[in-house]
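# Observations on chain architecture
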Amino acid sequence: MTIERPTVAVVKFPGSLDHDSAARAATQAGADATLVHHKDDTLPAGTAAVVLPGGFSYGDHLRCGAIASRAPIMQAVIRFAADGGRVLGICNGFQILCEAGLLPGVLRPNQRLGFICRQVTLEVDDATTDWTGTHTAGTNLSIPIKNHDGAWFGDPADGRVVFRYDESNPTGSRERIAGIANHEGNVLGMMPHPECACDPLVGSDDGRVLFDALVGAVRVGAA
Amino acid sequence: MMTRVVVTVMPRTETLDPQGQAVAGALHQLGFDDLGDVRIGKRIVLDIDGDDPVGQAHAMCDRLLVNRLIEDYEVDAG
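Definitions and limits used
- Residues numbered from 1 in each chain as written.
- Chains lettered and ligands numbered in written order.
- Predicted model: local features only at pLDDT ≥ 70, side-chain atom pairs only at ≥ 80, totals over all residues.
- Pairing = 2+ DSSP bridges.
- Helix = DSSP H or I, 4+ residues; strand = E, 2+ residues; numbered from the N terminus.
- Axes fitted to C-alpha atoms, helices over the stretch in contact; angles between N-to-C directions.
- Contact = placed C-beta atoms within 7 Å.
- Buried ≥ 20, exposed ≤ 12 C-beta atoms within 10 Å, placed from the backbone.
- pLDDT = per-residue confidence, 0-100.
- Expected span 1.5 Å × (residues − 1).
- Core = buried A, V, L, I, M, F, W, Y, C linked by C-beta atoms within 7 Å.

### Here's the deal with the sheet that holds strand β7 (residues 140–147) of chain A
All names here are of chain A.
- Within the open sheet, the nine strands sit side by side as β2-β1-β3-β4-β11-β10-β9-β6-β7. Their pairing is mixed. The open sheet is flanked by β2 (32–37) and β7, the only strands paired with a single partner. Strand-to-strand twist of the sheet, defined as the mean angle between neighbouring strand axes without regard to direction, takes the value 25°.
- With four bridges joining them, strand β1 (residues 7–12) and strand β3 (residues 47–52) adopt parallel strand pairing. Opposite V8, over in β3, you have A49 as the bridge partner.
- Along the sheet face, helix α1 (residues 19–28) touches β1, β2, β3 and β4 (86–90) and points at about 175° away from the line of β1.
- The strands that helix α3 (residues 92–99) touches are β3, β4 and β11 (187–190); relative to β4, the one it contacts most, it runs at about 120°.

Take a look at the structure:
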């Protein structure tokens, strides 16, 4: 049986900013997007995929993503991921996934310490996860970044590198890493914002592939 | 009885500390020519009850206060 509109849970923490954009992008991809509160300790029944959106949860106090990663809902997200559920963390969501131990490494302040807000070119590296659809390795995508703590640090061998920045490596990430998945491939974190690149009107719809993957792959799994 | 426990968290020496570098640059500009490296960390002051405040402080560091990938820490009980 194919689920027509799978439920995508978008978790909202205090200081989340991009939950509405993420929900809109998931809806555009065919999902029924539901906002979930950080103090809930379960995901909605029938949740097919989870998005941790961008923002500055808890004001980035202590370390970016650190406090949110210990919120009650994260225990449910960790269980969901352990069962193979798809989890996409964008920007602050990526930072939270790293702090929660669902993804390797950690995000550190940008090398030049500035807040960077601009369109960047991403290269698809590992194209074997479902996240990049039919794109092949080396495909370029145009998706914006907007962050202060976007320099990934860690051992790339602890995961699967899905996206790298082009040579400009604006954040100073180790090995230009812009997005990394776990070994299993069901959890992806990325600093660029695919939900801000879902309509040619804003300059690019290259981000749609992530939300299509979020929804599409779930449909295959549920068939 | 509350015990004051001070946790000092520092970026690991092998990781880049852009904040320290920016401050070092400014200090050099002010004429502090003898200055070498600057590294910036944080000091967390905890008032803890119970029999084992130092043990609790270490547990807090493990669970939340420190990310050992990029940070080292020391615990001092007053």
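### What about α3 of chain A?
Residue and element names in this part refer to chain A.
- In terms of burial, α3 is largely enclosed, as eight of its eight residues are buried.
- Listing the buried residues of α3 in full gives N92, G93, F94, Q95, I96, L97, C98 and E99.
- Where α3 is buried, its residues touch β3, β4, β5 (106–108) and β11.
- Following α3 by one or two positions, G101 adopts a phi angle in the positive range, close to 85°.

### Considering the interface of chain B and chain A
- Across the contact, nine residues belong to chain B and 11 residues belong to chain A.
- For the side of chain B that touches chain A, the leading source of residues is helix α1 (residues 18–29) of chain B, giving three residues.

### Some remarks on the sheet that holds strand β1 (residues 3–11) of chain B
All names here are of chain B.
- One open sheet holds the three strands; their spatial order is β2-β1-β3, and the pairing between them is antiparallel. Of all strands in the sheet, those bounded by a partner on one side alone are β2 (42–48) and β3 (71–77). Neighbouring strand axes in the sheet, compared pairwise and without regard to direction, differ in orientation by 20° on average.
- As paired elements, β1 and β2 share seven bridges and run antiparallel to each other. Its bridge partner being in β2, V9 is matched across the sheet by K42.
- Here helix α2 (residues 53–65) sits on the sheet and contacts β1, β2 and β3; the angle it forms with β1, its principal contact strand, is near 35°.

### Points about the pairing of β11 of chain A
Residue and element names in this part refer to chain A.
- What you see with β11 is no split at all: V187 and G189 on one side and L188 and M190 on the other are buried throughout.
- Strand direction decides the pairing type here: β4 and β11, joined by four bridges, are parallel. Bridging from a neighbouring strand, I90 pairs with M190 of β11.

### Re the confidence of the model for chain A
- Mean pLDDT over chain A stands at 94; residues scoring 70 or higher make up 96%.
- Taken as a whole, residues 218–223 of chain A scores under 50 in pLDDT and shows 12 contacts with residues more than four places along the chain or in a different chain.

### Structural notes on the environment of A23 of chain A
Residues and elements named next belong to chain A.
- Considering the arrangement of structural elements, one finds A23 in helix α1.
- Spatially, the C-alpha atom of A23 lies 32 Å from that of R112, the residues being 89 residues apart in sequence.
- Once residues lying within four places of it in the same chain are set aside, the contact partners of A23 are V10, A33 and L35.

### Concerning α1 of chain B
- Look at α1 of chain B: 17 Å from first C-alpha to last across 12 residues, which is about the 16 Å you get at 1.5 Å a residue.
- Immediately beyond the C-terminal end of α1 of chain B, within one or two residues, lies G31 of chain B, with a positive phi of roughly 100°.

### With respect to the nonpolar core
- Grouped together as the largest cluster of nonpolar side chains are 74 residues, with contacts concentrated most on V8, V10, A26, V50, L97 and L214 of chain A.
- Setting aside residues no more than four positions away along its own chain, V10 of chain A makes contact with H19, A22, A23, A26, A33, T34, L35, V36, V51 and P53 of chain A.
- Formed by five residues, the second largest nonpolar core is a distinct cluster that contains V5, A57, C61 and V66 of chain B.

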